[in-house]
Every structure is written in structure tokens, then in C-alpha cells.
Amino acid sequence: MTSPDLNLLFALDVLLAEGSVARAARRLRFSPSAMSRTLARLREATGDPLLVRAGRGLVATPRAEELRRQVGPVVQDAEALLRPAELLDLSSLDNVFTLRTNEGFVEEFGPRLVARIEVDAPGVRLRFAPKSDKDAMSLREAAIDLEIGVAGETGPEVRIQTLFRDRFIGVVRAGHPLGEGTVTPERFAAGRHINVSRRGRERGPIDEALSALGLQRTVVCMVSGFSAALAMARGSDLIASVPERHTVGARAGMHSFPLPVAIVDVTISMLWHPRLDADPAQRWLRDCVREVCVSR
């Protein structure tokens, strides 16, 4: 069984509204012969003559009168489906958006992002999900609206947009010996260090850079987050190495210095699934995140 030609619905709506093949042809920009052929197809599809001759004009059959009441709303609904989405009314938007990111981003950018969103859409709530459950499937299934962090390996369908670059710096408590004078690779390596690794690794890019200079640092503990590293450094002589832009507030009152070894900056991006590309609420959310991240 072949599927019906749904274009006939639009032609039927115009024909029954005009009650004239010639007028319907002009309205649809058909030739009279093409409109006549369309009427013939409609008669075949419905099994009814629809419009019959009455004097010099055409009149609708009872079946056509019944169809006229039904086809109008169907055509209007179809046209509405094919129109672009209406403008987003942010003041009435009531939604929860889930952002997957690390604690450092939440602590540094979260308050400003919430404040920015409340200006336009006070009914919107944000849910910050941990990075421990990172996977592309969550983006695809819309369990995660937006992911923020280092992109790494992602599925080929994931959209990626760079937000900013961040460099690692060294941080010690106020009054720490490294707060005075030049921090050389030798002085840096001679200290006792905290390493940040969600997987509990003892070595990382800093150790590789020191090793290239024939140096080795002493890592006395490993933590899973930068906030924990800074809290430990604040209350001891330990040295924390953290991303600069992610930790501005958390480093208040501490001494920060450029690392004396060269390591690659990290690129922070936001990732989302293309199925959310055209959603006006999602586009607004991404604009808010981008605005907050580039404003500092």
C-alpha cells in the first residue's frame, strides 16, 4: 500500500475554500491544467467527486463539506510544525539545565553564571554534575545539556567550542619560603608537593618537565581536586600546582608564582550534542556560559 501524497491536503484546502479550479490555481500558482489534474487525483484518493458542476460554477458535495471542516485545522497544524520555533520567552522559561564540569569551574565561574542566568530567566535552575561519569552517551541522550572542560576524546558527532586557555601556576601559603626571591626549577623541585589526579597518579606533566632538566620533585600526597590541594597548601608548607583561571577565588591570601618549567596550557571548551543546536533555550545557555568565561 503506497503512502498518500500529503501535498494533496494543501491543494484540497484551497480548492474547497475557493470553490473554483481557476481561483485555486491562481492562489497556488498552478496552471489551470495542473490544478485540474490535482482535482482528479483528489477525487481518486477520496473516492468522491468533491466539486460538481452546478450551472456555470462548482458546488461542494456533502463529503467535500465534511472534509472542509477537517482539512483546515490539519493544514494549519502542518504549517505550524514547519515554521521556525517562536522567539524564546526567557522570563517564563522554567527549566533545569545539567552542566557536567569539575569543582574548580563550579567554584570560580558558578556564582557568576547563576547570577547571569537570573538576570534573563529567574525560573531556570542549574545542576552541576561531576566529571567522574564522563561519556558521550549522556550528551547524546540529553542527560547532560552541556559539558565544560578539556575536550579529550569525544564521539564524532559532539560539538566543541573553545572557551579559554588556562595555564598552571604554583601556589603556597603566605609566608612560605618560595614567596621570596626567584623560584628556580631547583628551588621548586626541592619542595614537598601535592599532586592533583582524579586517578591517583603520582606523576604528571610537571614531573616530566623537571625530569628533562635532571630534577625530581617529592610528591607527598595525591588529591582528586584543586580545591583540596589549595586547602592543604594553605595550612602547610606543601606546594600546589593548579590552573590559574579556575582558582582565582580559592587562592585568595596565598602566594602564586609562574611554574619554573614549561608545560602545555590546557584548553577549556564546552561540548554538546548537535541535536540541541537549534533549541533556542540551549543556544541562550551556551551564550551565557561563553559570556561568563570570556569576561574575566
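Predicted model, so just to flag it, every value in this text is computed and none were measured. Here the residue index of a chain counts from 1 through its sequence in written order. For a predicted model such as this one, the threshold for reporting local features is a pLDDT of at least 70, and the threshold for listing and counting side-chain atom pairs is 80 or more; totals across whole chains, interfaces and linings nevertheless cover every residue. To obtain the side-chain values, all non-hydrogen atoms of the structure were included, while hydrogens and water were left out.

Considering the arrangement of structural elements, one finds Gly152 in the loop between strand E5 (146–149) and strand E6 (159–166). Of the residues examined, Gly152 reaches a relative accessible area of 56% and is grouped as exposed. Separated by 115 residues in the primary sequence, Gly152 and Thr267 place their C-alpha atoms 9.9 Å from one another. Where helices and strands are cited, they refer to DSSP runs of H or I of at least four residues and of E of at least two residues respectively, numbered from the N terminus. The cut-offs for exposure are 20% and 50% of the maximum accessible area for each residue type, with area from a 1.4 Å probe on protein chains only; residues under the lower value are buried, those over the upper are exposed, and the others partly exposed.

Orientation is described by axes fitted as lines to C-alpha atoms, over the contacting stretch for helices, and by angles from 0 to 180 degrees between their N-to-C directions. Here helix H5 (residues 103–120) crosses helix H10 (residues 280–294) at 125°, and the two axes come no closer than 9 Å. In terms of their interaxial angle, H5 and H10 are classed as oblique. As for the relative orientation of H5 and H10, their crossing is right-handed in sense. On H10, the residues that touch Phe105, Phe109, Arg112, Leu113, Arg116, Ile117 and Asp120 of H5 are Trp284, Leu285, Cys288, Val289, Glu291, Val292 and Cys293. Just so you know the grouping, Ala, Val, Leu, Ile, Met, Phe, Trp, Tyr, Cys and Pro go in nonpolar, Asp, Glu, Lys and Arg go in charged, and all remaining residues, Gly too, go in polar. By residue class, the composition of the contact of H5 with H10 is 10 nonpolar, no polar and four charged. Should an angle fall under 35 degrees it is called roughly parallel, over 145 degrees roughly antiparallel, and 65 to 115 degrees roughly perpendicular, with every other angle called oblique. By convention, the crossing between two helices is left-handed when the near helix turns anticlockwise from the far helix through less than a right angle, and right-handed when the turn is clockwise. Between two residues, a contact is recorded if the distance between any of their heavy atoms is within 4.5 Å.

A few words on the sheet that holds strand E4 (residues 125–129). Taken together, five strands build an open sheet; the order of strands is E4-E3-E5-E12-E6 and the sheet is mixed. Single-partner strands in this sheet number two, and they are E4 and E6. Neighbour-to-neighbour, the strand axes of this sheet turn through a mean angle of 20°, independent of strand direction. Strands were regarded as paired on the criterion that DSSP finds at least two bridges between them. The pairing of strand E3 (residues 96–100) with E5 spans two bridges and is classified as parallel. Bridge pairing links Arg100 to Glu147 in E5. Against the sheet, H5 makes contact with E3, E4, E5 and E6, and its axis sits at roughly 165° relative to E4, the strand it touches most.

Another aspect to go through is the pairing of E3. With four of five residues buried, E3 is to be regarded as a mostly interior element. Pairing analysis gives five bridges linking E3 to E4, with the strands arranged parallel. Looking across to E4, one finds that Arg100 is bridged to Ala129. Call a crossover right-handed when, viewed with both strands pointing away from you, the route from the first strand across the helix to the second goes clockwise. Handedness of the crossover is the feature at issue here: the chain leaves E3, passes through H5, returns alongside E4, and the resulting connection is right-handed.

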